[in-house]
Each structure stands twice: as structure tokens, then as C-alpha cells.
Protein chains: 2
Amino acid sequence: MSGPRAVGIDVGGTRIKAVLMTGSGDVLEATVRPTPARPGPELGTIAGELRAELEAATGHSADALAVVVPGLFEDRAGIARWSANLGWRDLALTELLAGSLDIPVASGHDVRAGLLAEHRFGAAREVDDVLFLPLGTGIASAHMTGGVVTAGSPWTGEVGHVVIRPDGRECGCGARGCLEAEASAAALGRIWSEVEGEPRDAEDLAVAVRAGDDRAKGVWSEAVDALALVLSPAVAAAGTRLVLLGGGLALAGDLLADPLHRALSARLPGRSELSVRVAELGDRAGALGAACLALDLLTEVES
Amino acid sequence: MSGPRAVGIDVGGTRIKAVLMTGSGDVLEATVRPTPARPGPELGTIAGELRAELEAATGHSADALAVVVPGLFEDRAGIARWSANLGWRDLALTELLAGSLDIPVASGHDVRAGLLAEHRFGAAREVDDVLFLPLGTGIASAHMTGGVVTAGSPWTGEVGHVVIRPDGRECGCGARGCLEAEASAAALGRIWSEVEGEPRDAEDLAVAVRAGDDRAKGVWSEAVDALALVLSPAVAAAGTRLVLLGGGLALAGDLLADPLHRALSARLPGRSELSVRVAELGDRAGALGAACLALDLLTEVES
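About the criteria used
Position labels on residues start from 1 in each chain and follow its written sequence. Written order decides the labels, with chains lettered from A and ligands numbered from 1. Owing to the predicted nature of the model, reporting of local features is limited to residues with pLDDT of at least 70; listing and counting of side-chain atom pairs is limited to 80 or more, with chain, interface and lining totals taken over all residues. Water and hydrogen atoms were dropped before computing side-chain values, which therefore reflect all heavy atoms in the structure. UniProt positions are given in the numbering used here, feature names are shortened, and annotations may be inferred rather than shown by experiment. Should any heavy atoms of two residues lie within 4.5 Å, those residues are considered in contact. Throughout, buried area stands for the accessible area (probe radius 1.4 Å) lost by two parts on being put together, summed over both. Throughout this description, the term salt bridge denotes a Lys or Arg side-chain nitrogen within 4 Å of a carboxyl oxygen of Asp or Glu. Think of a polar contact as two N or O atoms within 3.5 Å of one another; within protein, one of them needs to be a possible hydrogen donor and the other a possible acceptor, and neighboring residues in sequence only count if both atoms come from side chains. Only runs of H or I of at least four residues qualify as helices and only runs of E of at least two qualify as strands under DSSP, and these elements are numbered from the N terminus. Between any two strands, at least two bridges found by DSSP are needed for them to pair. Here an angle of 0 to 180 degrees is reported between the N-to-C directions of two axes, which are lines fitted to C-alpha atoms, with helices fitted over the stretch in contact. Least-squares superposition of the copies uses the C-alpha atoms of those residues scoring a pLDDT of at least 70 in each of them.

As annotated in an unreviewed UniProt entry, chain A carries the name Glucokinase and is attributed to Marihabitans asiaticum. Under the UniProt heading Sequence similarities (unreviewed entry), the note attached to chain A is "Belongs to the ROK (NagC/XylR) family."

Right, here's the structure in full:
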């Protein structure tokens, strides 16, 4: 077992996932714990505990560690600017980790890290121009161009809060008609519950679509149109070749990917090279991507 | 006059513009000639002639040269994949130039080059996350993130052919309702001519809007909405801080920038850091950007 190993940690709204990974992407051990309420500076301690747990379980030490988080994140400074779910503001994450750990550390954005992992080990292995779109409780995106994950302002990837229907459904952010309020897995669960008159989730909706229910097909098709409306300009501007779907809604597979590909093709005439595919690494993409960020620190030091 | 100098050449649909520029952005001399019908391999000869002309006029030699073109361009390979206006397909431009000239050469995309120039010497000097949008006969865009101009597939920046109204106006590309058919300077001229019942251009429309003509204001506001619909997802996905407007329509200044800023803010709630501004380098941005690409070759060789 030679070569470097890294711990990757993905802090989600409800769970913290951690892996100990080798440079070739082999996961030696993985662990999960609940996310504490409004985590902040204790993330340094938690990262140390997860590292110790993974090292003890495998008998292998980690050479680097990185933590990725959702929300508004400033990559170059390593600062978590804001997260509605996690309740922080301007948390200097890389600095915090450096103060708690004696190995090289990094921090990053969960969706951008997930895309990095999908590119190295998952469904985007052979494509360098990718738009990654996890569809879960919320919706965020990440761009890769020419093999590099790009990031501008901390708002990078906040496509879930593009208003597509000014008179649309209320969004958690306070606005109306955001993409997230119209086409996230959570939104589709709510919309289908309204139609059915009892609690339903997005998976129930997908089952009804497959069974040929016309009302379900109508809801599905509106969501696909909403996604295409927001994705088509982003794809055109960035020169995306592959739209990679992740998150809970991507479990619907071709039921989502096929009509979305058709809707995108209709909005992007002539783009025969564009494909739509479902991600492969599931809810582990963020933690694996974090481990990639950590391993890259070691390469940078060497070169 | 120490320091490197480069020739930048911008091949447009009707005119070829060329400059001899210093590393600090000073234009020592500029020249223009008509674009020949369906130019191809003769671009090597033309580049050599323009270089000789600029050198003779200034008494200074050029250390590098680059040519930028519109259409579908593959940056890494230096190949002009396709241009409707110029009639080429898979023209290996960098290779062609290297065969005709005895100095370092490069090639690139006109809009991406224009953004580079606006970032170094123009209206985007202090911003690293920019979406540049020249609005002329056509519409194309370029992204800069973290100070780097990004490019994916050769289709990068083709936002003019995002279909926003499937039952909309016919576009030159054969589709209907493309952004370019609804909101380019050429489209606005056509639409305003229809309303007025006689030949008008986008400048006439802007004059009517300023004069308070309600029909003109309606046409203008529909165009602004169309632009915001396409720009908002691209801005959100890339984390853009500055939308920089170029091309003929940008001559309208605040008449365009202010309502577009309001329309984008309505579609991107909470994004108080986003600004919309008019480009500074006018129709010389492409040639200056080409000169930047050429100068960068010299820096790369040195380092």
C-alpha cells in the first residue's frame, strides 16, 4: 500500500461523510456521523476525530485532508461565506483545519468537489467540459472546462435560485419561482403531494410517470422544461459537452436524462455533441472529491 | 521603445482590423482592410502583409502575431471549426500562420480575445469574474473566471443560438426564437422597422426609446427580458460579478445597462454584488485581444 492517502470529508445538512482514499481512488474505509446543529469552529475537532477513526480502522495514516461544504464558498481563500442550512457566515475553513491538524489541509465546495471526483473516477472520466447538476433538496451546479473545475464569485453554481417563473412557487430563499422551488427533488415531492392529496416524494412521482399516469407525466415534463430553460444558456456559454445529473432525482435515470436531453437539444439547435448522463458516485461524490482536493495538495508540494 | 511588441489581427465578416501593440497596451499603429470573400489559406499571406505594413509605418518590428476569428473555434488546437459568415470549416489557423511567418504565432476566438483585452486595458480591469456579451449583428459571449478566460467545446459562447421562444422569430441559423433573432442589434433594427413600416436600425430604436415612444419602449423591454432570461443562468452557473456589454447595441449605454441590471437582479435574488457595465475598447477589442494572445506567447517562452 504505497502512494499517498487522503481523508475527504463532506459536511451535509444532516450527515457528515468521510472517506480514506488512495491516489487511485480506492476507498480504504468510509464513515458517517450526524451533522451537529450549526457547526462552526468545532469542524476542526470533528475532522481530527474522523481522521483518527479512519486511520485506526485501516492501520494506514492519512497524508492530507480536505473538507467540503455546501452554500456560498470562496475557493481561493478557503472561506465558507454562507450556508442557509448550516448557519455559518464567513467561516475561514482552511485556516481552521490548519490550526487543528498536522498534515496539509484544504477546503472546498461540495458540488465542485463532486464534479472533480466524477471526472477522475466516475461518469465524466472521458469528458473535460462538464456541467454537474445534483438535484436533491436543493439544486446547485459546477462547471468544468478543459478539465479544470472553474469558480468565480462565492455565488458560483447557485442555479437553484435563478427565477424562472416570477409568479411561481415560493422558494425557501424568500423569492418566488426559483428553479429549486419548481424542479428540485424536494419540490417535485411537494408538487406531487398536492396533486395526490397525500404525502408523496419525488420517487413516488417517478413511479407514477413510469406507470403512465398523465398527471404525473405533466408534472415531470414541466420540471424537465424548467431544467432545460436554466441549463441551456449555461451549457451554451461554457461550451459544455456533458450534462451530468446527480442527487436523489438522478436515481430516476433515463426517465430524467432522456427527456432532458431532448429538451436541451430543442433549445440548442445543432449541438449534436451534447450528452446527458447520470452520475456514478452517488452521495459519496462530495467526500471522494474532497479527498481529491487533499491529494492534489501533495502533488503541488512535490512539483 | 523597449519591451516586446505584437501584431493583433481580428478577422470580421466585413473588415479585418490589425494593430501593432506594446506590452503595456499602447497601440503604435492600426490598419483596416476589407475581408475577402470566403477567406481561407490566404489568411497567412494577409497576416504577413498586415505585419509588414504596421512595421513599415512605425519603424518597429513585431515579436509575435495572433489572429482571432468569429464562429466555432477550438482554442487548444488553434482550429477555426466553423463560421457561417466566413465560410470555413476546420481551418488549422495556428498551423497556417506558423507556415507563413517567422515569429511566434497564435490564434483564437474574437469574443474571448476581446474579453482578455477589456480585462487588461478596458472596462473589466478590476474584475476577475466577467461575462462579456457583444451585441451586434450576432450575439456571442465569453466567460472569465478567476482572471482566466475559459473555453470548453468549440460551441463555447454561442448564447445567440439559445432558443428562448420556440414559436419566435426566424433566425439565420434555421431555428426559431433564438436570442439572436430576438435581441441582437440587427434583430432590433428589423423589429423596429416592422413597427415603423420603414427601414430603421437599432440606433433609431434607442433614439425613440429615449424620446419616450411607448411602442419603442415595449420593443426595448422585450429585448432586455430576453437577454436577462439567457444571461441569468450563465451568470449563476459561472459566478459572474460583472456583465460587460459590447458591440453596436452597447452604444446605447445606460439605456441598456440599467434595465438589464434590474432584470438580472429580479432573476437572481440576493446578488447585490453583480454589476452591468458597457465595454470601453469598442470594435478594437478583438484586435487588442489578439495582440494580448501574441504577447502571452513571449511570456510563456521566457518562463
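(A) Highlighting the interface of chain A and chain B. Taken residue by residue, the interface counts 38 residues in chain A and 39 residues in chain B. Interface area for chain A against chain B, summed over the two sides, is near 2,800 Å², with a carbon-plus-sulfur share of 61%. Contact with chain B buries area across many residues of chain A, yet Trp-155, Ala-237 and Arg-267 of chain A alone supply 19% of it, more than any other trio. The interface formed by chain A and chain B includes 0 salt bridges. Joining chain A to chain B, the criterion identifies 12 residue pairs in polar contact (both at pLDDT 80 or more). Elements represented by at least two residues in the side of chain A that touches chain B include exactly β10 (142-145), α7 (214-238) and α8 (254-267) of chain A. No other element matches the 8 residues that α7 of chain A contributes to the side of chain A that touches chain B.

(B) The arrangement of the sheet that holds strand β4 (residues 64-69) of chain A in detail. All names here are of chain A. Strand order in the open sheet made by the 5 strands is β3-β2-β1-β4-β8, with mixed pairing throughout. Looking at strand neighbours, the two that pair on one side only are β3 (27-34) and β8 (105-109), the edges of this open sheet. Geometrically, the sheet is characterised by an average inter-axis angle of 15° between neighbouring strands, direction not taken into account. Bridge count between strand β1 (residues 5-11) and strand β2 (residues 15-22): 7 bridges; the pairing is antiparallel. Residue pairing in the sheet places Ile-9 in a bridge with Ala-18 of β2. Against the sheet, helix α1 (residues 43-58) contacts β1, β2, β3 and β4, and its axis sits at roughly 140° relative to β3.

(C) Seen up close, the relation of the copies chain A and chain B. With an RMSD of 0.0 Å, the operation that places chain A on chain B is a rotation of 180° combined with a shift of 0.0 Å along the axis. Between the two chains, the operation in question is that of a two-fold axis. Relative to the rotation axis, the closest C-alpha in chain A is found at Ala-234 of chain A, a distance of 2.1 Å. When the interface residues of chain A are mapped onto chain B, 100% of them are again interface residues, pointing to one common binding face.

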